[in-house]
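# Coordinate analysis (summary)
Take a look at the letters that make up each chain.
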Amino acid sequence: MNGTRTNNRKKIVIVFFSIFLGMMVLAGRLVYLMVFRSEYYSARAQQLHERERDIKAARGKILDINGKVLASNRSVCTVSVIHSQIKDAENVIKVLAKELDMEEETVRKRVEKYSAIERVKSNVSKEIGDKIRDYQLDGVKVDEDYKRHYVYDSLASKVLGFTGGDNQGIIGLEVMYDEQLMGTNGQILTLTDAKGVEIADAGETRLNPVDGNNLRTSIDYNIQMYAQQAAEKVMQAKEADSVSIIIMKPSNGEVRAMVNLPEFNLNEPYELPEGTSYSDQEEKQNLLNQMWRNGCINDTYEPGSTFKVITASAALEAGAVSLNDNFFCPGYKIVEDRRIRCARTSGHGAQSFVQGLENSCNPVFIELGMRLGVEQYYKYFKQFGLLSKTGIDLPGEARTIMHEKKNIGQVELATISFGQSFQVTPIQLASTISSLINGGKRITPHFGVQVEDQEGNVVEVFDYEPKTQILSESTSKTMRSLLEKVVSEGGGNKAYIEGYQIGGKTATSQTLPRSAHRYISSFMCFAPAEDPEILCLVIINNPTGVYYGGTIAAPVAKELFLNILPYLGIEKTEPVPDQTDQSNETNQANQTNETGGTDTAADQE
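What follows concerns helix α17 (residues 473-488). Structurally, the α-helix is built with 3.6 residues per turn, so residues lying three or four positions apart point the same way. In a regular helix each residue adds 1.5 Å, so 16 residues correspond to 22 Å; α17 covers 23 Å between its end C-alpha atoms and thus fits that length. Restricting attention to buried positions, one finds in α17 the residues Thr 475, Ser 476, Met 479, Arg 480, Leu 482, Leu 483, Glu 484, Val 486, Val 487 and Ser 488. Buried residues along α17 sit in contact with α12 (308-318), α13 (353-359), α16 (426-437), β17 (503-510) and β18 (519-527).

As structure tokens, this is what we get:
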């Protein structure tokens, strides 16, 4: 009996001790949680009773070189619903469907969805947003937001680019400088009860947004307008497929204007041209991608005789030709088994190198290519930067499509010398020629100049200092003088402006397949020839009727320079005799000199 009592006492002690030990462990755990982890769990508890909504930051503006606003923002609203706070769902559905012009079924799905907060519609006009606010519907939130606004609709559309629904850049400068422009969103924090209903007297905590910085670009609104209007005029007159114009500062690579007609409305970037048909969304997206494509950057073409500027520069620099060298043109040149025609099929006869450039004589440039040879010519391609991207601050830049050195035979060497059988981008050609006539320093074409805060204070300046010396200053000076004669005395005479020294080069290349007889007419020019401040490249794709570059592209450049040169404050020099009053025989010769190539492919200028 005593033994049994003793055992019972032991069991009681063990149970008591176990309970005591458990309570001590529990107490210790409580102390740990309440003292050492109190901040963590307080924060977690707070989060469970907080609901956050974004306050959108205003995206930074895009400005032209003079501070004119090209892209800004408009106030809009985002309408959302909080399911747990809605008291009259049917009324909410009815009102929102009516005011937002949405199907009731679509609104119903969002209103009845169990979520902390559900967006019904964004980019709602402020007027409609205020109207919905006035209904004072429980569970409906109307928050201020911003929609990107492009002041001049289609101006420089493929350069500026546009933003998506989340206000992030999609194409163009908007995506390249997204980080600088986007800003940081703020937040509104509100307290809720256990059911998720906001506590009326708890107030709210606001974290204010930080607006994005402004981007100042090298674009000059006035020059861009001149260029776009000139492009529209010639595109309509020649019923061309497209027209591209690049205007830049040769000394530092700042692009003053870039036109890619047809442009599109930046404020309606997903609207295809009227009458465009498509079978499905994939086809529509392909059409949109094509509409947004920047031909000056993303596409390549055979440059034709504007490339003779590169051939002449390389030959002069290498000592393969001098200004006094003489040539003879019978109207063609035989290279291996090919008979490569000159623009003037009757031939230019005896002529100097200078005259050969003025006449844009193919046999002269074929001879220059032969004198340079593949190794040396290819060396200059690299030295001039033709085999690399320019590094322009726009997305999707294409590379030069050039033969591999090992695949360049005598025929390829001959056709390359006058700008055929390979392809470059317009921006590459404009940048390379700028570098060859600016004293010989390779420049990087660009739009971004600096980043500024909302008060106009400079935050960051972009550095695009000229790179390596790719051509001697003496050869660069010679090329400027030679190209001035092309305009004052040669095939580029339709760009001549009395009192201005303008250098230039015409070209007309033929697209593939050659049998389609589609041409690209172009003209490159710069002024003043002695010390270039502006360079212009005009490209007209598939014009109807007369398609010679010297006939239809050069006048476009002349019209542009008649506006741009006085606008930039570039004064005329002493008057000189008007070179445009030439004899009919000379004019006919200059026009005839725009045609040349192989028996199966022509290079018209």
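For the rest of this paragraph, the subject is the packing of aromatic side chains. All chains considered together, the criterion is met by 14 aromatic pairs. The interplanar angle of 85° and the centroid separation of 5.5 Å between the aromatic rings of Tyr 270 and Trp 292 together place this pair among those described as edge-to-face. Placement of Tyr 270 in the loop between β10 (255-261) and α10 (281-292) and of Trp 292 in helix α10 is noted, with a sequence separation of 22 residues between them. Since its relative accessible area comes to 10%, Trp 292 is described here as buried. Considering the side-chain rings of Phe 307 and Phe 422, the 4.6 Å spacing of their centres and the 65° angle between planes classify their relative orientation as edge-to-face. Here Phe 307 is found in the loop between α11 (295-298) and α12, whereas its partner Phe 422 is found in the loop between α15 (410-417) and α16, with 115 residues between them in sequence. According to the relative accessible area criterion, Phe 307 is buried, its value standing at 1%. Counting every residue linked through ring pairs, the aromatic cluster contains Phe 307, Tyr 377, Tyr 378, Phe 381 and Phe 422. Over the ring of Tyr 221 we find Lys 68; its NZ or CZ atom is 5.0 Å from the centre of that ring. Above the face of the Tyr 380 ring, Lys 379 is positioned so that its terminal group lies 4.5 Å from the ring centre.

So, on to the side chain of Lys 158. Mapped onto the elements of the fold, Lys 158 is located in helix α6 (residues 157-160). One buried charged side chain, Lys 158, makes no salt bridge at all; its nearest oppositely charged neighbour is Glu 263, positioned 5.4 Å away. A polar atom in the side chain of Lys 158 sits 3.3 Å from the backbone oxygen of Met 291. Among the polar contacts listed, one links the side chain of Lys 158 to the backbone oxygen of Arg 293, at a separation of 3.5 Å.

Moving on, we come to the state of the cysteines. Per the stated rule, a full pass over the model turns up 0 disulfides. Summary of cysteine pairing: Cys 342 is not part of a disulfide, and the nearest cysteine sulfur, belonging to Cys 329, is at 3.8 Å. Taking relative accessible area as the criterion, Cys 342 reaches 0% and is therefore assigned buried. Unpaired in this structure, Cys 361 has its nearest cysteine sulfur neighbour in Cys 329, at a distance of 3.5 Å. Assessed through its relative accessible area of 0%, Cys 361 is described here as buried.

Before going further, it helps to examine the environment of Leu 413. Tracing the backbone shows Leu 413 in helix α15. Overall, Leu 413 belongs to the buried group, its relative accessible area being 2%. C-alpha separation for the pair Leu 413 and Gly 369, spaced 44 residues apart in sequence, amounts to 6.3 Å. Among all residues touching Leu 413, those that are not within four sequence positions of it are Gly 369, Met 370, Gly 373, Val 374, Tyr 377 and Ile 408.

In this section: the sheet that holds β10. Picture the strands of a sheet paired through backbone hydrogen bonds; they go either parallel or antiparallel. Taken in spatial order, the 5 strands line up as β10-β9-β19-β18-β17 in an open sheet, and their pairing is antiparallel. Looking at the sheet topology across the chains shown, the edges are occupied by β10 and β17. Strand-to-strand, the axes of this sheet are offset by a mean angle of 10°, without reference to chain direction. When strand β9 (residues 242-248) meets strand β19 (residues 534-541), the two strands line up antiparallel, connected through 7 bridges. Opposite Ser 244, over in β19, you have Ile 539 as the bridge partner.

With that settled, consider unusual backbone geometry. Pro 513 follows Leu 512 through a cis peptide bond whose omega is -5°. For Pro 513, the location among the structural elements is in the loop between β17 and β18. Phi is positive for Ala 156, which is not a glycine, with a value near 55°. Note on placement: Ala 156 falls in the loop between β5 (140-150) and α6. Of note, Asn 167 is a non-glycine position whose phi angle comes to about 70°, a positive value.

The next point concerns the packing of α12 against helix α14 (residues 362-384). Axis separation between α12 and α14 bottoms out at 8 Å; the angle between their running directions is 80°. Considering their axes alone, α12 and α14 lie roughly perpendicular with respect to each other. For the pair α12 and α14, the contacting residues are Lys 308, Ile 310, Thr 311, Ala 312, Ser 313, Ala 314, Ala 315, Glu 317 and Ala 318 in the first and Asn 362, Phe 365, Leu 368, Leu 372, Gln 376, Tyr 377, Tyr 380 and Phe 384 in the second.

Quick look at the confidence of the model for the protein now. Averaged over all residues, the pLDDT of the protein equals 88, while 86% of them reach at least 70. Across residues 44-49 the pLDDT falls below 50, and counting only partners more than four positions away or on other chains, this stretch makes 7 contacts in the model. Low pLDDT (under 50) marks residues 576-604, which in the prediction has 86 contacts with non-local residues, meaning those over four places away or in another chain.

The next point concerns the nonpolar core. Judged by nonpolar contacts, the single largest core of 88 residues is most densely connected at Met 258, Phe 353 and Phe 447. Ranked by the residues each element gives to this core, the list is headed by α14, at 10 residues. In terms of nonpolar packing, the next biggest core, distinct from the first, is built from 36 residues, Ala 240, Ala 527, Val 538 and Ala 553 among them.

The rules behind the values
Residues numbered from 1 in each chain as written. Predicted model: local features only at pLDDT ≥ 70, side-chain atom pairs only at ≥ 80, totals over all residues. Heavy atoms only, no water. Helix = DSSP H or I, 4+ residues; strand = E, 2+ residues; numbered from the N terminus. Expected span 1.5 Å × (residues − 1). Buried < 20%, exposed > 50% of the residue type's maximum accessible area, 1.4 Å probe, protein only. Contact = heavy atoms within 4.5 Å. Phe/Tyr/Trp six-rings, centres within 6.5 Å; stacked < 30°, edge-to-face > 60°. Lys NZ or Arg CZ within 6 Å of the ring centre and 35° of its normal. Lys, Arg positive; Asp, Glu negative; His and termini not counted. Salt bridge = Lys/Arg side-chain N within 4 Å of Asp/Glu carboxyl O. Polar contact = N/O pair within 3.5 Å; in protein donor to acceptor, adjacent residues only side chain to side chain. Disulfide = S-S within 2.5 Å. Pairing = 2+ DSSP bridges. Axes fitted to C-alpha atoms, helices over the stretch in contact; angles between N-to-C directions. Parallel < 35°, antiparallel > 145°, perpendicular 65-115°, else oblique. pLDDT = per-residue confidence, 0-100. Core = buried A, V, L, I, M, F, W, Y, C linked by side-chain atoms within 4.5 Å.

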